[in-house]
Amino acid sequence: MTRRLIFTCLLAMGLTAPALVYAEHTHFWRQSDYSDFEKGTAKGVAIRSDGKLVPAPQFSAFSDPDLMYLWALRTDSRGRVYAAGGSDAKVLRFDDPTKPTTVFEAPELSAQTIAFDAHDNLYVGTSPDGKVYKVTPDGQKSIFFDPKSKYIWALALDAQGTLFVGTGDKGEIFAVTPDGKVQLFYQSDERHARSLAFDAKGNLLVGTDPDGLILRIEIARATGAKDSQAAPKAGASFVVYETDKKEVTSLLTDSSGNLYAAAIGEKQRPAAPSPQPLITPQPAATAPALSAQGAVTLALQAAASAQPPPAFTVFPSTTGGSQVVKISPTGSRETLWTSREEIVFSMGISPSGKLLLGTGNKGAIIELPGDNIYSIVAKTASSQVTSLIAGRDGHLLVGTANPGKIFTLGPAQEAQGSFESDPFDAKIFSHWGRLTWWGENGATQGKVSFYVRSGNTANPEKEWSPWSGPYKSASGESISCPPARFLQWKAVFQASEKRDAPEVSWVSVAYQPENVAPVVDDIAIQGPGVRVQGFSASPGGPASPASVQLKTPQRAGGVTPFPNIGAILDTSSKSLKMDVPPQGFEEKGYQSVLWSAHDDNDDDLAFSVYYRGEGEQIWRLLKDKLTQHFYSWDSTTMPDGAYYLKIVASDLPSNPPSQALTNERTSERFEIQNTAPRIENLRADTSGAAAKISFEGVSSGLAITKAQYSVDAGDWLIVFPTGGLSDGPKESYQLELPGVAPGLHTIAVQISDRFDNTAAAQVTFTVTARPAR
């Protein structure tokens, strides 16, 4: 089948071809979409979902507090940074990022959430079986509130200084006044009040687990003098939105009154088994996938292994991914982003007003600029991004877990950013040609430079060639890298203003692999009497021959040479050729062979089939210039006997004659037998009480496999040879026919060999009536 027909079929099915393009031996490695770029390494470069590389905001290390995980960052009125985490429960202040000061410690395993009031009093929620602590500006620590709950998930202070406490696993929300008066503010039907925020009207917003609800609860405050200092009570509650996910990990409002909600995890069915922990305090390189609320109790069970596990496991399944929704002040909903893999732990607003997502388990910060586009603006050295808050001078503070670190993001662009592609494996030692690329906003006017290096190991840091370049011409430049199997390119972006930041849309490198010989992987000789032909769309009719299950040759690695369309379109495979599975039919006298072959250059192949008789030395051409991987021929043109086939594969269709290479493979021994056996000495003896029939079956070399007889055109009946076994080229048969009525009778006999060659004969005999005694 030609490539044109293949592409026509693909387009008819609405499918696209892989990114590798071929012109005989000149190939092109092209990268142009998010899935290509996401595998690379970006430093100061953002990877956009529409397949563009652009400069990213500055991303710098702020502090390494030597904690396994940080769950919350906050700043006080003086702009000083505080971080809560564990283990054990601890809050640090960063007057000097290199020497953090411990301002709070507790025996619980983790400090999960923190908040500041207008007087810079620090409130700390700990877990498990934790409490709410108060730390005054002068460092006095006290237990402010003990909710008697398993988990304290979130703290939120309203304009009146009332502290709202979201807990689990009873779904209770408490309101605590500045002087410590406590009110059970709201009892949810959910197990966990997972996240808290306020809307523009001062109503409390609650994200829940396990139904993934967003609740709006009015805050009713006493107006009388006697009750003015009492804790507020809950007014009307309303479900603003039910997300598609299980757990609402983060709620965020912007200056326009829009509400953003991040939700994760599959909603579990009642019979589903309890999910497993998603975060464990371990090195980032081996950190497992996790969900946001596993943040606290991830280590809780680790440290409290002597305790029985809690009734509710706080580690939802990683299946189901994430969803981020936007709810406008009028109540309209819009799904901004979904992912089946990334887990959203935190959200923040950039100085330019764009929504940022802190995710795991690759430690990426994702920006949502709008128009259904997202971009990875930074990747941390940790597994999870757990907190995003505004810091000084317009930059954002980024808190992480596994391990716990703090970074700053923005507001300026990186002075210079670079992007290194994922190393490309050409599979074969190759020569490199021209590098071409395209971009916008000045990318082609010197704002982007490319460098290239090559090597023969999968790891580019192990004795590869030095970077060659710079290459600045988007229309193409020949690269000066030594021939090798692997190649990698790097793009370096120069500093520029955000409004005209350069963009790179695609990158392409031409290469020519050295020609290697094709390989004939396997040969499958079919049984006698089988004819093979290519796929036919014509429906079979009443006269259609019976189909036969073919013996299929194997390719290297045990792969069938006749893949389905899904395998043909697998972009991990370089081949764009389609080998349509042949069909087999019964047809007397035909012999067939199937073979598998491959070419690492993806060259078109031509095949020749040779044969020789057993004991002969000369190969004779049976058929040449074959492009399919099978052949059938009329074996009656060949003498009976044993034979071998040789399949020769040549890449001549894709190479000049002087550079074409071949490979061959010899089949196993097979036999051709078209001469029918014969029946000799067929006799009928009626002299005794029963008629006795005897005959001999003789073959030219094959064993007689079957003999049968029929009396007077009756049913065919099996008869065994006198020796009992049908295993020789000559067999003798005897049978008796007792009870045959007097008169003239005819007996027909038939024999066949294992190639289904048959012979038949008959004899007529008379049975006479015997006088009664």
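Worth saying up front: this structure is predicted, and the values here are computed from it rather than measured.

**Student:** Explain the overall build of the protein to me, using residue names and the numbers behind them.
**Tutor:** Counting its secondary structure elements, the protein contains five helices and 56 strands. Here the protein holds 773 residues, and the buried ones make up 50% of them. Long-range pairs, those at least 24 residues apart, make up 60% of the contacts in the protein with a sequence separation of at least 6.

**Student:** Would you mind going over the pairing of strand E25 (residues 333–339) in detail, with residue names and values included?
**Tutor:** Each regular strand displays side chains that alternate between the two surfaces of the sheet. In terms of strand pairing, strand E24 (residues 322–327) meets E25 through six bridges, oriented antiparallel. Paired with Val-325 across the bridge in E25 is Thr-335. Linking E24 back to E25 in an antiparallel pair, the connection comprises five residues, with Gly-331 at a positive phi of about 100 degrees.

**Student:** Explain the packing of aromatic side chains residue by residue, including any values.
**Tutor:** Evaluation of the coordinates by the stated rule reveals 27 aromatic pairs. Ring geometry for Phe-424 versus Tyr-511: centroids 5.2 Å apart, planes at 65 degrees, classification edge-to-face. Remark: Tyr-511 occurs in strand E38 (residues 503–513) and Phe-424 occurs in strand E33 (residues 424–440); sequence separation between them is 87 residues. We classify Phe-424 as buried; its relative accessible area is 9%. Note on Tyr-511: relative accessible area 2%, which makes it buried. Judged by centre distance (6.3 Å) and plane angle (35 degrees), the rings of Tyr-643 and Phe-670 are tilted. Here Tyr-643, found in strand E47 (residues 641–650), pairs with Phe-670, found in strand E49 (residues 670–672); they are 27 residues apart in sequence, far enough to count as distant. Take Phe-670: its relative accessible area is 6%, and that puts it in the buried class. Taken together through their ring pairs, the aromatic side chains of Phe-37, Phe-419, Trp-437, Phe-450 and Trp-489 make up a single cluster.

**Student:** Please set out the nonpolar core residue by residue, giving values where relevant.
**Tutor:** Among the nonpolar cores identified, the biggest contains 42 residues, and Leu-53, Val-324, Met-347, Leu-357, Leu-435, Phe-450 and Trp-489 are the most heavily contacted of them. Beyond its immediate stretch of four places on either side in the chain, Trp-489 contacts Trp-29, Gln-31, Phe-37, Leu-53, Phe-419, Glu-420, Ser-421, Phe-450, Tyr-451, Val-452, Trp-467 and Val-507. Listed in part, the 20 residues of the second largest apolar core include Val-520, Ile-523, Ile-525 and Tyr-631.

**Student:** Residues and numbers for the sheet that holds strand E41 (residues 547–548), please.
**Tutor:** Paired through backbone hydrogen bonds, the strands of a sheet run either parallel or antiparallel to each other. Read from one edge to the other, the open sheet built from three strands follows the order E40-E42-E41, with strand pairing classed as antiparallel. Whereas interior strands pair on both sides, the edge strands pair on one side only; in this sheet they are strand E40 (530–533) and E41. Direction of pairing for E40 relative to strand E42 (residues 583–586): antiparallel, over a ladder of four bridges. Paired with Arg-531 across the strands is Phe-585, a residue of E42.

**Student:** How would you summarise unusual backbone geometry if you had to cite specific residues and measurements?
**Tutor:** Each neighbour pair has its own omega, and for Asn-402 with Pro-403 the value is -5 degrees, a cis peptide bond. Within the chain, Asp-756 stands out as a residue other than glycine whose phi angle is a positive 65 degrees. For Asp-756, the location among the structural elements is in the loop between strand E55 (743–753) and strand E56 (758–767).

**Student:** Describe the sheet that holds E25, with residues and values.
**Tutor:** Strands sit in the order E22-E23-E24-E25 across an open sheet of four strands; the sheet is antiparallel. Pairing within the sheet leaves two strands with one partner each, and these edge strands are strand E22 (247–253) and E25. Each strand axis lies, on average, 20 degrees off the axis of its neighbour in the sheet, ignoring direction. In this sheet, strand E23 (residues 259–264) lies alongside E22 in antiparallel orientation, the contact comprising six bridges.

**Student:** Lay out the pattern of salt bridges with the relevant residues and their values.
**Tutor:** Counted under the stated rule, the structure contains 28 salt bridges. Where Lys-52 meets Glu-440, a salt bridge forms, and the shortest distance between an N and an O atom there is 4.0 Å. Here Glu-440 lies in strand E33 and Lys-52 lies in the loop between strand E4 (45–48) and strand E5 (53–55), a separation of 388 residues in the sequence. Exposure remark for Lys-52: the relative accessible area of 18% places this residue in the buried category. The salt bridge partner of Glu-616 is Arg-620, with a shortest N-O separation of 2.8 Å. On the basis of relative accessible area, Glu-616 is assigned to the partly exposed category, the value being 33%.

**Student:** Can you lay out the pairing of E38 for me, pointing to particular residues and giving the numbers?
**Tutor:** Extensive coverage of E38 is indicated by the burial of nine of its eleven residues. Here strand E2 (residues 26–31) pairs with E38 via five bridges, running antiparallel. Note that in E38 the partner of Gln-31 across the bridge is Val-507. Bridge count for E33 against E38 is nine bridges, and the pairing is antiparallel. Residue pairing for E38: Ser-430 is matched across the bridge by Pro-513.

**Student:** Summarise the environment of Pro-351; cite the residues concerned and give the values.
**Tutor:** Tracing the backbone shows Pro-351 in the loop between strand E26 (343–349) and strand E27 (355–360). Counting along the chain gives 60 residues from Pro-351 to Pro-411, while the straight-line C-alpha distance between them is 6.7 Å. In this structure Pro-351 touches Gly-394, Leu-396 and Pro-411, once residues within four positions along its chain are discounted.

**Student:** Which residues make up the environment of Gln-673, and what values do they have?
**Tutor:** Within the secondary structure, Gln-673 is located in the loop between E49 and strand E50 (678–685). Given the relative accessible area of 5%, Gln-673 is considered buried. Residues Gln-673 and Gly-701, spaced 28 residues apart in sequence, show a C-alpha to C-alpha distance of 8.5 Å. In contact with Gln-673, not counting residues within four places along its chain, are Asp-640, Ser-699, Ser-700, Leu-702, Asp-753, Phe-755 and Asn-757.

**Student:** Describe the side chain of Ser-322, naming the residues involved and giving the relevant values.
**Tutor:** Inspection of the secondary structure puts Ser-322 in strand E24. Given the relative accessible area of 1%, Ser-322 is considered buried. Within polar-contact distance, the side chain of Ser-322 engages the backbone nitrogen of Val-344 at 3.1 Å. The residues contacting Ser-322, other than those within four sequence positions of it, are Lys-245, Ala-263, Ile-264, Trp-337, Thr-338, Ser-339, Glu-342, Ile-343 and Val-344.

**Student:** Quick one: what's the story with the environment of Asp-599, residue by residue and with numbers?
**Tutor:** Among the secondary structure elements, Asp-599 is positioned in the loop between strand E43 (590–598) and strand E44 (606–613). With relative accessibility at 8%, the residue Asp-599 sits in the buried group. Distance in space between the C-alpha atoms of Asp-599 and Val-520 is 8.9 Å, their sequence separation being 79 residues. In this structure Asp-599 touches Val-516, Ala-517, Pro-518, Leu-605 and Asp-651, once residues within four positions along its chain are discounted. A distance of 2.7 Å separates the side chain of Asp-599 from the backbone nitrogen of Asn-601, its partner in a polar contact.

**Student:** Pulling in residues and values, what's your account of the confidence of the model for the protein?
**Tutor:** Residues at a pLDDT of 70 or more form 84% of the protein, whose mean pLDDT is 85. Segment residues 272–317 is flagged for pLDDT under 50; beyond a separation of four residues in sequence, or across chains, it makes 126 contacts in the model. Considering only residues more than four positions removed or in separate chains, one finds that residues 563–576, a stretch of pLDDT under 50, has 22 contacts.

Reading the values: rules and limits
- Residues numbered from 1 in each chain as written.
- Predicted model: local features only at pLDDT ≥ 70, side-chain atom pairs only at ≥ 80, totals over all residues.
- Heavy atoms only, no water.
- Helix = DSSP H or I, 4+ residues; strand = E, 2+ residues; numbered from the N terminus.
- Buried < 20%, exposed > 50% of the residue type's maximum accessible area, 1.4 Å probe, protein only.
- Contact = heavy atoms within 4.5 Å.
- Pairing = 2+ DSSP bridges.
- Phe/Tyr/Trp six-rings, centres within 6.5 Å; stacked < 30°, edge-to-face > 60°.
- Core = buried A, V, L, I, M, F, W, Y, C linked by side-chain atoms within 4.5 Å.
- Axes fitted to C-alpha atoms, helices over the stretch in contact; angles between N-to-C directions.
- Salt bridge = Lys/Arg side-chain N within 4 Å of Asp/Glu carboxyl O.
- Polar contact = N/O pair within 3.5 Å; in protein donor to acceptor, adjacent residues only side chain to side chain.
- pLDDT = per-residue confidence, 0-100.

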